[in-house]
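Below are the chains, spelled out letter by letter.
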Number of protein chains: 2
Amino acid sequence: MNSVAKEPLLTAENLKDAEARIRPHAHITPVLTSSYLDERVGGELFFKCENFQRIGAFKFRGATNAVFSLAPEELERGVVAHSSGNHAQALALAARLRGTRATIVMPTTASAVKVAAVRGYGAEVVPCQPTVEDREQQTERVLEETGGTLIHPYNDRRIIAGQATAAMELLEQVEGLDLILAPVGGGGLLSGTTLAAHHFSPSTRVIGVEPAAADDAYRSLATGQIQPSVDPKTIADGLLTSLGDLTFAVISQLTESIVTVTEETIVEAMRTVWERMKIIIEPSAAVPVAALLEGAVDPAGQRVGVILSGGNVDLDRLPWTHSSV
Amino acid sequence: MNSVAKEPLLTAENLKDAEARIRPHAHITPVLTSSYLDERVGGELFFKCENFQRIGAFKFRGATNAVFSLAPEELERGVVAHSSGNHAQALALAARLRGTRATIVMPTTASAVKVAAVRGYGAEVVPCQPTVEDREQQTERVLEETGGTLIHPYNDRRIIAGQATAAMELLEQVEGLDLILAPVGGGGLLSGTTLAAHHFSPSTRVIGVEPAAADDAYRSLATGQIQPSVDPKTIADGLLTSLGDLTFAVISQLTESIVTVTEETIVEAMRTVWERMKIIIEPSAAVPVAALLEGAVDPAGQRVGVILSGGNVDLDRLPWTHSSV
């Protein structure tokens with residue numbers, strides 16, 4: 001009897017194409033180490049600094065791959081997204097670099113700094129009420145008016161392929177990784193990371209880390225179907241969303257497991273990285289570090305890649321001086 | 001008539017010896033760039049990240065060179081310093097690595113975190129009242145009791161040679177630098193940087209940057225003799241001290257100039273580096289960046305090295321949320 005393995009969503013060739021496509025635009029981000037953290041957790045840690053990526057987060061990779069994959073007739077009409085986070089800035093910058101226009105639907109509750117950043121990259125910002133209904137209505141309207149292409153923040157092959165390039169680089173920069181940890185929100189980064197390891201370093205395991213207070217991906221894997229993220233209350237505001245069908249398919253097929261961490265450890269991990277490594281990471285990026293501090297993942301004797309997903313933080317509202325949840 | 005140039009305090013050979021001596025212990029720190037800051041100031045900037053150095057500051061270089069220069073009989077008796085800042089941690093760690101003991105006289109006003117860090121490296125901490133008199137009295141007492149060697153934080157050839165290694169590395173990492181900017185407090189880093197450029201890249205100019213609120217080095221150069229730092233009130237708490245005779249000799253002989261910057265721009269520069277480069281620098285390290293933002297130095301069309309001297313910050317007291325001066 002033969003068991004027939006399902007083809008993964010994206011081939012090695014797809015990922016290499018994405019890497020070539022974004023290469024002229026994205027930074028090859030450095031990998032940093034910390035002897036303090038190595039000693040503390042008992043493994044060898046390699047931190048892939050996507051906080052140093054353009055717009056301050058890995059999201060630039062996926063957005064750039066998506067925008068630079070568009071056909072000429074699509075470029076004439078531009079791209080559209082709804083996002084209050086890093087995807088908004090990423091898509092705005094990618095569109096500018098490609099010479100096409102971006103329209104971003106952003107909730108009226110989005111911070112003025114973020115709205116200004118998106119406009120600063122030349123995108124048009126369309127405000128919506130902070131409800132799913134109005135967001136979708138405004139997005140539909142913009143799509144009709146512009147004929148533009150909607151770029152979903154994670155449930156999109158081009159986005160997943162773009163996010164995979166972070167782990168592809170990491171696997172080139174550091175030999176013999178036993179394990180890679182990535183945070184999971186909508187699953188774009190985790191599914192990309194998983195596919196990168198699957199194709200280019202099959203002996204490297206990939207584990208997703210999620211706040212216990214937004215554990216929909218964990219529950220989705222446990223139950224075998226996508227579970228919605230219901231009223232998540234976590235400081236890791238990049239990880240609020242639910243998995244999509246594409247990201248769920250990859251993660252449920254190929255990711256080793258998903259573990260969860262407490263809010264307290266996320267804040268401790270964030271502060272520890274700031275204090276000891278002297279780099280700024282956002283709460284979502286601290287989530288995999290928290291898994292190591294908390295013992296949710298045991299790195300003993302292993303070489304562990306940790307994807308520090310971003311560094312966009314409001315410096316006037318730090319979690320150790322303000323309650324942000 | 002011949003003009004006879006004075007021999008500089010340290011030879012190229014002295015500096016190379018220091019580099020070889022600290023090599024097994026100190027990090028080769030990375031150089032980062034920022035397209036945002038390049039555009040904003042109109043030059044090409046190369047940031048030497050001594051905030052990533054061990055103990056979080058360049059001070060580890062000088063302390064290590066000094067401790068590893070000691071004779072065996074000196075090692076038996078250990079080293080002594082008075083410091084409430086980065087020199088205390090640097091000397092404590094260097095002594096531990098060399099297997100000798102360190103005794104650090106620290107004012108009772110020093111933060112508990114800093115005292116704990118120094119003790120954490122295995123040094124003995126001797127408290128003193130926060131007055132010059134008691135500090136010197138306690139230090140004298142410790143020196144008598146232990147027979148140890150006093151390691152001055154900057155007015156010491158071994159320290160200056162050690163600090164020079166940051167610029168030596170930078171000059172190897174980045175070709176064709178027109179200019180290097182370094183902060184100036186006691187002048188250890190600035191005189192070391194100046195000597196490094198003098199010996200290894202004579203066409204690279206070196207400018208020191210100082211808070212206007214602690215402009216004793218600026219006044220010392222202007223008057224041709226060491227001016228004391230009188231009641232300085234600056235957020236750049238690593239730059240409070242006056243020049244020593246050795247650092248003054250080098251700086252007045254070889255440094256191109258010293259410029260000053262306002263407190264407001266120091267805070268702006270610090271925050272800008274945090275936000276745009278996603279790295280943590282302390283206020284003293286922001287001082288050269290402030291010179292670029294403020295136009296005290298014009299980098300137009302130049303390749304400029306900026307030594308980011310350290311990243312030790314109390315994350316509970318940030319200058320944009322608390323008044324620290």
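Just so you know, these numbers come straight off a predicted model, no measurement behind them.

Caption draft 1: Seen up close, the overall build of chain A. Summing up its helical and strand segments, chain A has 13 helices and ten strands in all. For 325 residues, the compact-globule formula gives about 20 Å, and the C-alpha radius of gyration of chain A, at 19 Å, lands near that figure. Its C-alpha atoms put chain A at 55 × 55 × 40 Å along the principal axes. Burial status across chain A gives 55% buried among its 325 residues. Of the contacts formed within chain A by residues at least 6 apart in sequence, a portion of 75% connects residues at least 24 apart.

Caption draft 2: Spotlight on the relation of the copies chain B and chain A. The two copies are related by a screw motion: chain B maps onto chain A through a turn of 180° and a shift of 0.0 Å along the axis, at an RMSD of 0.0 Å. Those values place the two copies in the arrangement expected of a two-fold rotation axis. If distances are taken from each C-alpha of chain B to the rotation axis, the shortest is found for B:Ile279, at 2.1 Å. Taken as a fraction of all interface residues of chain B, those also at the interface in chain A reach 100%, which identifies the copy contact as same-surface.

Caption draft 3: Region of interest: the sheet that holds strand β3 (residues 79-82) of chain A. Residues and elements named next belong to chain A. Spatially, the four strands line up as an open sheet ordered β5-β4-β3-β6, and their pairing is parallel. In this open sheet, the two edge strands, each paired with only one partner strand, are β5 (124-128) and β6 (149-150). Sheet topology places β3 next to β6; two bridges connect them, and they run parallel. Directly across from Val79, in β6, lies its bridge partner Thr149. Against the sheet, helix α7 (residues 132-146) contacts β3, β4 (102-107), β5 and β6, and its axis sits at roughly 165° relative to β4.

Caption draft 4: Representation of the sheet that holds strand β6 (residues 149-150) of chain B within the structure. Residues and elements named next belong to chain B. Ordered in space as β5-β4-β3-β6, the four strands form an open sheet in which the pairing is parallel. A single partner strand is all that each edge strand has here, and the edge strands are β5 (124-128) and β6. When strand β3 (residues 79-82) meets strand β4 (residues 102-107), the two strands line up parallel, connected through four bridges. Bridge assignment links Val79 to a residue of β4, and that residue is Ala102. Helix α7 (residues 132-146) contacts β3, β4, β5 and β6 of the sheet and is inclined by roughly 165° relative to β4.

Caption draft 5: Structural detail: the domain arrangement of chain A. All names here are of chain A. The assigned domain composition of chain A is domain 1 (12-57 + 157-308) and domain 2 (79-147). Centre-to-centre separation of domain 1 and domain 2, based on C-alpha positions: 25 Å. Each side of the interface is counted separately: domain 1 has five residues, and domain 2 has six residues.

Caption draft 6: Geometry of the pairing of β5(A). Residues and elements named next belong to chain A. The pairing of β4 with β5 spans five bridges and is classified as parallel. By the bridge assignment for β5, Ile104 is matched with Val125. Between the parallel elements β4 and β5, the chain passes through helix α6 (residues 112-120) in a crossover that is right-handed.

Caption draft 7: Spotlight on the nonpolar core. Counting 208 residues, the largest nonpolar core has A:Leu91 and B:Leu91 as its most contacted members. Contact partners of A:Leu91, with chain neighbours within four places excluded, come to A:Ala63, A:Val79, A:Ala81, A:Ala102, A:Ile104 and A:Ile151.

Caption draft 8: Fine view of the pairing of β4(A). Counting buried positions along β4(A) yields five of six residues, so the element is predominantly enclosed. Crossover handedness for the path β3(A) to helix α5 (residues 86-98) of chain A to β4(A): right-handed.

Caption draft 9: Structural context of the packing of helix α3 (residues 59-67) of chain A against helix α8 (residues 157-173) of chain A. All names here are of chain A. Following both chains from N to C, one finds α3 and α8 inclined at 135°, their axes separated by 7 Å at the closest point. With respect to each other, α3 and α8 are oriented oblique. In the crossing of α3 with α8, the sense of the turn from one axis to the other is right-handed. Contacts between α3 and α8 pair Arg61, Gly62, Thr64, Asn65 and Ala66 from the former with Arg158, Ile159, Ala161, Gly162, Gln163, Thr165 and Ala166 from the latter. For the contact of α3 with α8, a count of residues per class yields four nonpolar, six polar and two charged.

Caption draft 10: Region of the structure containing the environment of B:Val304. Looking at where B:Val304 falls in the secondary structure, it is placed in strand β10 (residues 303-308). Put simply, B:Val304 and B:Glu44 are 260 residues apart on the chain and 6.0 Å apart in space, counted from C-alpha to C-alpha.

Caption draft 11: Unusual backbone geometry, seen in detail. All names here are of chain B. Phi at Ile55 takes a positive value of approximately 60°, unusual for a residue other than glycine. Relative to the helices and strands, Ile55 resides in the loop between β2 (44-49) and α3 (59-67). Non-glycine residue Asp231 carries a positive phi angle of around 45°. Within the element layout of this structure, Asp231 appears in the loop between α10 (216-223) and α11 (245-254).

Caption draft 12: Broad picture of the packing of helix α1 (residues 12-22) of chain A against α3(A). All names here are of chain A. Two numbers describe how α1 lies on α3: the axes approach to 9 Å, and their chain directions differ by 95°. Taken together, the axis directions place α1 and α3 in an arrangement best described as roughly perpendicular. On the side of α1, the interface is formed by Ala18, Arg21 and Ile22, while α3 contributes Arg61, Thr64 and Asn65. Of the residues in the contact of α1 with α3, the class split is two nonpolar, two polar and two charged.

Caption draft 13: Broad picture of helix α8 (residues 157-173) of chain B. For α8(B), which comprises 17 residues, the first-to-last C-alpha distance of 25 Å matches the rise-based estimate of 24 Å (1.5 Å per residue) to within 8%. α8(B) sits mainly inside the fold: 14 of its 17 residues count as buried.

Caption draft 14: The environment of B:Arg158, seen in detail. Residue and element names in this part refer to chain B. In this fold, Arg158 is placed in helix α8. Placed 143 residues apart in sequence, Arg158 and Leu15 show a C-alpha to C-alpha distance of 9.2 Å. Ignoring anything within four residues of it in the chain, the contact list for Arg158 reads Asn65, Ala66 and Ser69.

Caption draft 15: Representation of the environment of B:Gly186. All names here are of chain B. Relative to the helices and strands, Gly186 is located in the loop between β7 (179-183) and α9 (188-200). When the C-alpha positions of Gly186 and Ser242 are compared, they lie 5.1 Å apart, and in sequence the two are 56 residues distant. Discounting chain neighbours no more than four positions away, the residues touching Gly186 are Pro153, Tyr154, Asn155, Thr241, Leu243, Gly244 and Thr247.

Reading guide: rules and limits
Residues numbered from 1 in each chain as written. Chains lettered and ligands numbered in written order. Predicted model: local features only at pLDDT ≥ 70, side-chain atom pairs only at ≥ 80, totals over all residues. Helix = DSSP H or I, 4+ residues; strand = E, 2+ residues; numbered from the N terminus. Rg over C-alpha atoms; globule rule 2.2 N^0.38 Å. Buried ≥ 20, exposed ≤ 12 C-beta atoms within 10 Å, placed from the backbone. Contact = placed C-beta atoms within 7 Å. Least-squares fit on C-alpha atoms with pLDDT ≥ 70 in both. Pairing = 2+ DSSP bridges. Axes fitted to C-alpha atoms, helices over the stretch in contact; angles between N-to-C directions. Domains from an automatic or database assignment. Right-handed = clockwise from strand over helix to strand, strands pointing away. Core = buried A, V, L, I, M, F, W, Y, C linked by C-beta atoms within 7 Å. Parallel < 35°, antiparallel > 145°, perpendicular 65-115°, else oblique. Left-handed = near helix turned anticlockwise from the far one by under 90°. Nonpolar A, V, L, I, M, F, W, Y, C, P; charged D, E, K, R; others polar. Expected span 1.5 Å × (residues − 1).

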